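# Report on the structure
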Amino acid sequence: ESTLNIKLKDRIEEIWEERNNKGSRIITAELRTYDGLVVNRKRVQRLMRVLSIKGILPKCNLSKSGDIQYKYPYYLSGMHIYGSNIVWAIDITYCKLPTGMMYVIVILDVFSRSVLEHEVTNTLEAINCINCLNKAVSKYGKPLIFNSDQGSQFTCNEWVNNLKTHNIIISMDGKGRWVDNVYVERFWRTLKYECIFLLGIETAF
């Protein structure tokens, strides 16, 4: 192989070994930015295949909708969010541990991307989401709008009535529209692919 390819392979392997969740896009960007190398992504992909390495990739979305009791429109499309406590978002993800499945609930401020509150639980009951919401409100006050997906926890009487008690406008993602809640989805990717999967977390506490 050419001297450049040998140099690239060595550098690609070094970058990948730093934190092996990096895929060809991030490695290509680092080669261009920090090493000053003129290289395209296809070349990096080919050399990664030669080295038998790859980044940690997200799997397909396996979430399923529950029985919808309440459904609200999505209010964030084209909205200018100009400060904190205007829009909060909530979501649930799962973590498969040796002892069983655990679920992580997170409430995030859309403007600052700050995690305001979270819960770790082994059930998907709505009460866990309500507890998380109440703790966040007690700490930071209430937002103008609260956005969620159409999961059963967020379309049930208990959740909807709790938001109405706080006089919070309810917003919901469109069906199958993960991009409507991309703020939390991006946080999940960071949490899982740069922390949980790399560190091999085996307990919830």
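Quick summary incoming for the structure in this document. (Residues numbered from 1 in each chain as written. Predicted model: local features only at pLDDT ≥ 70, side-chain atom pairs only at ≥ 80, totals over all residues. Heavy atoms only, no water.)

With respect to the secondary-structure elements, I26 resides in helix α2 (residues 24–34). Between the C-alpha atom of I26 and that of W16, which follows or precedes it by 10 residues, the distance is 9.6 Å. (Helix = DSSP H or I, 4+ residues; strand = E, 2+ residues; numbered from the N terminus.)

Another aspect to go through is the side chain of T93. Here T93 is to be found in strand β1 (residues 87–97). Non-local contacts of T93, meaning those with residues more than four positions away in its chain, are made with M102, Y103, V104, W188 and K192. (Contact = heavy atoms within 4.5 Å.)

Turning to the sheet that holds β1, a few remarks are in order. Taken together, the 5 strands give an open sheet; going across it, the order is β3-β2-β1-β4-β5, and neighbouring strands pair in mixed fashion. One side of each edge strand has no neighbouring strand; the edge strands of this open sheet are β3 (115–121) and β5 (169–172). On average, each strand axis in the sheet is tilted by 20° relative to the strand beside it, whichever way the strands run. Its contacts with the sheet put helix α4 (residues 126–140) on β1, β2 (100–109), β3 and β4 (145–148), and the angle it makes with β3 is roughly 150°. Of the strands in this sheet, β1, β4 and β5 touch helix α5 (residues 157–165), which is tilted by about 140° from β5. (Pairing = 2+ DSSP bridges. Axes fitted to C-alpha atoms, helices over the stretch in contact; angles between N-to-C directions.)

Turning our attention to α5. Three or more residues of α5 are buried, namely W159, V160, N162 and L163. Down the axis of α5, the buried set is contained in an arc of 160°. They therefore lie on one face. Residues of α5 that are exposed and angled more than 90 degrees away from the buried face: E158 and T165. Turning to α5, the residues buried within the fold contact β1, α4, β4 and β5. Just past α5, the residue N167 takes up positive phi, approximately 60°. (Buried < 20%, exposed > 50% of the residue type's maximum accessible area, 1.4 Å probe, protein only. Arc of directions from axis to C-beta.)

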